[in-house]
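Residue-level listing of the chains:
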Amino acid sequence: MFENRQPAPPDSILGLTEAFKADPNPAKVNLGVGVYKDPSGQTPVLASVKAAEARLLAGETSKSYLPITGDPAYGSLVQGMLFGEAALDNRVRTAHTPGGTGALRVGGDFIKAMHPDASIWVSSPTWANHKGIFSAAGLKIEDYRYYDPVTHAVDEEGFFEDLARVPAGDVVLLHLCCHNPTGADLSSEQWGRLAGLAAERGFVPFFDFAYQGFGDSVEADCAPLRAFVSAGMEFLVANSFSKNVGLYNERTGGLSIVARSAAEADAAFSHMKLSIRTNYSNPSSHGGGIVKTILSDADLKTQWMEELAGMRDRIKEMRSTLVQGLAARGVGQDFSFIEKQRGMFSFSSLGDEQVRCLREEKSIYIVKGGRINVAGILPGNADYLCDAIAGVL
Ligand code: LMR
């Protein structure tokens, strides 16, 4: 079976972390994978998480299986985070999944089971793993125009032109906030227009929501969902607690389906259970337990929200540091767009040759295509980074 196999190429994001770890240069900088770093370069366990874990450990009485879709109380708390007070008339069901990636894959399998001929439409560009996940689920993939590299913003005309061609029953993957890799999000007017188009065309939105709280706030970042809820349509949401609760290695996320009625939601959810059962059977409990403990305790929730705001503010500060640092080095090119981008990433406009040079000559690791993890910029490496980028421009 393994004879004459050539090695597969390294993963375009996680492969960079492997290369970074092997690099002996003490000045090396990892701006690849989307992981938060504090000013000292650590990815901390949040204090609210530590407190929740202490309670969990003290109160745990069994390690028996969770239900296939996880603890229903976890599902309700996730729904509260996504939909707040929105009137959903019992139309939503949520499964606890292994991270956002697990939610996307279960979603892909579920779509394939519901609609074997459906295509899934993804933004150009999109997160490097999206196409792999959905093609592994057997779905056909189409691209829609999204980003204009000249304006560094959403290509509104191209976006709506392409989505107006999506046939009824196809699925459209949308990044709800902090678009990965571009950091360019739709405006509230554009979301409203999109909800109208989805209802008119009959395509099914599938929201990837990996960065809730990294745009403006936990509440503001899910506001675009309201237009889709009030239109009464079907859609899916994959959410992740990797970034906003810092639970990267606990693999904690959710897949929510919103149906047109409670009965349709129950039927759809029973099929989602089949996809989960034949994949990983049921989720592991620790990460979901942490999220449940934090979200159901007012003090822990406040503490977590403050910690999340701290991460968001530090990233914004580093955006300004980068823009000002480049300007101070006499770089002619206008990089002010970096301050307008949202979330963890900046689509820097660095070309693949510049990215290669920075890696080979300066040990600065950036994803091909020019995506920078802004959270990897630290007070201690910003000057080195600005000097190096100015040097390749
Ligand atoms: C990223 O885009 O860097 C993160 O979502 C981590 C990953 O799994 O790729």
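Quick caveat: nothing in here was measured; it's all calculated off a predicted structure.

Chemist: For this particular structure, what's the right way to read the environment of Leu194?
Modeler: Structurally, Leu194 can be placed in helix 7 (residues 188–201). Of the residues examined, Leu194 reaches a relative accessible area of 0% and is grouped as buried. For Leu194, the contacting residues outside a window of four places in its chain are Phe159, Phe160, Leu163, Leu174, Leu186, Phe203 and Phe228.

Chemist: I tried to follow the layout of surface pockets on my own but got confused; where do I start?
Modeler: The gaps of empty space that remain are located by a probe, the size of a water molecule, rolled over the atoms. What the largest pocket holds in volume is close to 1,100 Å³. Forming the boundary of the largest pocket are 45 residues, of which Val33, Gly34, Val35, Lys243 and Tyr248 lie nearest the centre. Breaking the lining of the largest pocket down by element, the ones donating at least two residues are helix 1 (14–22), helix 2 (47–59) and helix 4 (99–114). The residue makeup of the lining of the largest pocket, split by class, is 19 nonpolar, 17 polar and nine charged.

Chemist: Explain the nonpolar core to me, please; I cannot follow it from the model alone.
Modeler: For soluble globular proteins, nonpolar side chains are generally found buried alongside one another. Membership of the largest hydrophobic core comes to 121 residues, with the highest contact counts inside it found for Phe83, Leu194, Phe206 and Phe235. With nine residues, the top contributor of residues to this core is helix 12 (residues 298–328).

Chemist: Is there a simple way to explain the pairing of strand 2 (residues 92–98) in this structure?
Modeler: As a general feature of sheets, a regular strand has side chains that alternate between the two faces. The element strand 2 is largely enclosed, with a buried count of six among its seven residues. Where strand 2 and strand 10 (residues 252–258) come together, seven bridges link them in antiparallel fashion. Pairing of Arg93 across the sheet is with Ile257, part of strand 10.

Chemist: Sorry, what's going on with helix 4 here?
Modeler: Every α-helix winds through 3.6 residues per turn, so residues three or four apart in the chain are directed the same way. For helix 4, with 16 residues, the first-to-last C-alpha span of 22 Å sits near the 22 Å given by 1.5 Å per residue. Residues of helix 4 that are buried: Gly99, Gly100, Gly102, Ala103, Leu104, Val106, Gly107, Gly108, Asp109, Phe110 and Ile111.

Chemist: Can you walk me through the packing of aromatic side chains in this structure?
Modeler: The description of two aromatic rings rests on the distance between their centres and on the angle between their planes. Inspection of every chain in the model, using the stated rule, returns 16 aromatic pairs. Judged by centre distance (5.7 Å) and plane angle (75 degrees), the ring pair of Tyr211 and Phe345 falls under edge-to-face. Of the two residues, Tyr211 is situated in the loop between strand 8 (204–209) and helix 8 (218–221) and Phe345 in strand 11 (residues 345–347); the sequence distance between them amounts to 134 residues. The burial state of Tyr211 is the same as that of Phe345; both residues are buried. Here the basic side chain of Arg193 rests over the ring of Phe160, its NZ or CZ set 3.8 Å away from the ring centre. For the cation-ring pair, Arg371 lies above Phe345, with the distance from its terminal atom to the ring centre recorded as 3.6 Å.

Chemist: Explanation requested: the environment of Glu219 in the structure shown.
Modeler: Inspection of the secondary structure puts Glu219 in helix 8. Note on Glu219: relative accessible area 46%, which makes it partly exposed. When the C-alpha positions of Glu219 and Phe83 are compared, they lie 8.8 Å apart, and in sequence the two are 136 residues distant. Apart from the residues within four sequence positions on either side, Glu219 is in contact with Arg226 and Met305.

Reading the values: rules and limits
Residues numbered from 1 in each chain as written. Predicted model: local features only at pLDDT ≥ 70, side-chain atom pairs only at ≥ 80, totals over all residues. Heavy atoms only, no water. Helix = DSSP H or I, 4+ residues; strand = E, 2+ residues; numbered from the N terminus. Buried < 20%, exposed > 50% of the residue type's maximum accessible area, 1.4 Å probe, protein only. Contact = heavy atoms within 4.5 Å. 1 Å grid on protein atoms, 1.4 Å probe; cavity = no way out; pocket = protein on both sides within 12 Å on 5 of 7 lines; lining within 4 Å. Points joined across faces, edges and corners; volume = space filled by probe spheres on them. Nonpolar A, V, L, I, M, F, W, Y, C, P; charged D, E, K, R; others polar. Core = buried A, V, L, I, M, F, W, Y, C linked by side-chain atoms within 4.5 Å. Pairing = 2+ DSSP bridges. Expected span 1.5 Å × (residues − 1). Phe/Tyr/Trp six-rings, centres within 6.5 Å; stacked < 30°, edge-to-face > 60°. Lys NZ or Arg CZ within 6 Å of the ring centre and 35° of its normal.

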